[in-house]
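Structural features, examined
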Amino acid sequence: MTPAQIEDLFIEWDLYGPREKDAMMQEFCEKFYGNYTLNGFHNFLKDKLDIEGYWNKIGLM
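Rules and cut-offs
For every chain, the first residue of the written sequence is number 1, and numbering continues from 1 along that sequence. It should be noted that, the model being predicted, local features are given only for residues of pLDDT at least 70 and side-chain atom pairs only at 80 or more, the latter also being counted only at that level, while totals for whole chains, interfaces and linings use all residues. Side-chain figures throughout are based on the complete set of non-hydrogen atoms in the structure, without hydrogens or water. Helix and strand definitions here come from DSSP, where helices need a minimum of 4 consecutive H or I residues and strands a minimum of 2 consecutive E residues; each element is numbered from the N-terminal end. Any residue under 20% of the maximum accessible area for its type is buried, any over 50% is exposed, and the rest in between are partly exposed; the area is computed with a 1.4 Å probe on protein chains only. The charged-residue count follows a simple rule in which Lys and Arg add positive charge and Asp and Glu add negative charge, with His and chain termini not counted at all. Salt bridge criterion: a side-chain nitrogen from Lys or Arg within 4 Å of a carboxyl oxygen from Asp or Glu. Residue contacts are defined here by distance: any two heavy atoms, one from each residue, within 4.5 Å place the two residues in contact. pLDDT expresses, on a scale from 0 to 100, how confident the predictor is about each individual residue. Only buried Ala, Val, Leu, Ile, Met, Phe, Trp, Tyr and Cys residues count toward a nonpolar core, and they belong to the same one when joined by side-chain atoms within 4.5 Å. Orientation is described by lines fitted to C-alpha atoms, with helices fitted over the stretch in contact, and by angles between N-to-C directions that extend from 0 to 180 degrees. Every angle not falling under 35 degrees, over 145, or within 65 to 115 is termed oblique; those three ranges are roughly parallel, roughly antiparallel and roughly perpendicular. Two helices cross in a left-handed way if the nearer one is turned anticlockwise from the farther one by less than a right angle. They cross in a right-handed way if the turn is clockwise. The aromatic pairing rule takes the rings of Phe, Tyr and Trp, using the six-membered ring of Trp, and pairs them if the centres are within 6.5 Å, calling planes under 30 degrees apart stacked, those over 60 edge-to-face and the rest tilted.

1. Here we look at the side chain of Asp8
The topology assignment puts Asp8 in helix 1 (residues 3-13). Lys46 is the oppositely charged side chain nearest to the buried, salt-bridge-free Asp8, at an N-O distance of 12 Å. Beyond its immediate sequence surroundings of up to four residues, Asp8 is in contact with Ile51, Tyr54, Trp55 and Leu60.

Spelled out as structure tokens, the structure:
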């Protein structure tokens, strides 16, 4: 994932409220139990936020 994609990913992440973020974090922890990596979290968010199509439209892919 490029730095621009990561930056955009966290811009999108910031649009969510605390409850939604907590729910996503809980899902991440359950899905990747014991194997937490930053790259894994980035990919989880990319899939969860369904942002890849948007990146294709704006040229980040």
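2. What to know about the confidence of the model for the chain
The share of residues in the chain with pLDDT of 70 or more is 100%, and the mean pLDDT across the chain is 92. Confidence scores differ between elements of the chain, with helix 4 (residues 52-58) showing the lowest mean pLDDT of 86 and helix 2 (residues 18-31) the highest of 95.

3. Regarding the pattern of salt bridges
Taken as a whole and judged by the stated rule, the model has two salt bridges. Lys48 serves as the salt-bridge partner of Glu27, at 2.8 Å between the closest nitrogen and oxygen. Of this pair, Glu27 sits in helix 2 while Lys48 sits in helix 3 (residues 38-48); the two residues are 21 residues apart in sequence, bridging distant segments of the chain. Among the residues examined, Glu27 registers a relative accessible area of 32% and is labelled partly exposed.

4. Digging into the nonpolar core
By size, the foremost hydrophobic cluster in this structure holds ten residues: Leu9, Trp13, Met24, Phe28, Phe41, Phe44, Leu45, Leu49, Ile51 and Trp55. Elements with a contribution of two residues or more to this core: helix 1, helix 2 and helix 3. Per element, the largest residue contribution to this core is three residues, and it comes from helix 3. Those residues in contact with Phe28 that lie beyond four places of it in its chain are Tyr36, Thr37, Gly40, Phe41 and Phe44.

5. Some remarks on the packing of helix 1 against helix 3
Closest axis-to-axis distance for the helix 1/helix 3 pair is 10 Å, and the angle between their directions is 60°. Of the possible angle classes, the one that applies to helix 1 and helix 3 is oblique. Of the two possible hands of crossing, helix 1 and helix 3 adopt the one that is left-handed. Touching Ile6, Leu9, Phe10 and Trp13 of helix 1 are Phe41, His42, Leu45 and Lys46, all from helix 3.

6. Section: the packing of aromatic side chains
This structure, assessed with the given rule, holds seven aromatic pairs. Plain terms: the ring middles of Trp13 and Phe41 are 5.9 Å apart, the flat faces sit at 85° to each other, and that makes the pair edge-to-face. Here the residue Trp13 occupies a position in helix 1, and Phe41 occupies one in helix 3, the gap between them amounting to 28 residues. Residue class for Trp13 comes out buried when judged on its relative accessible area of 11%.

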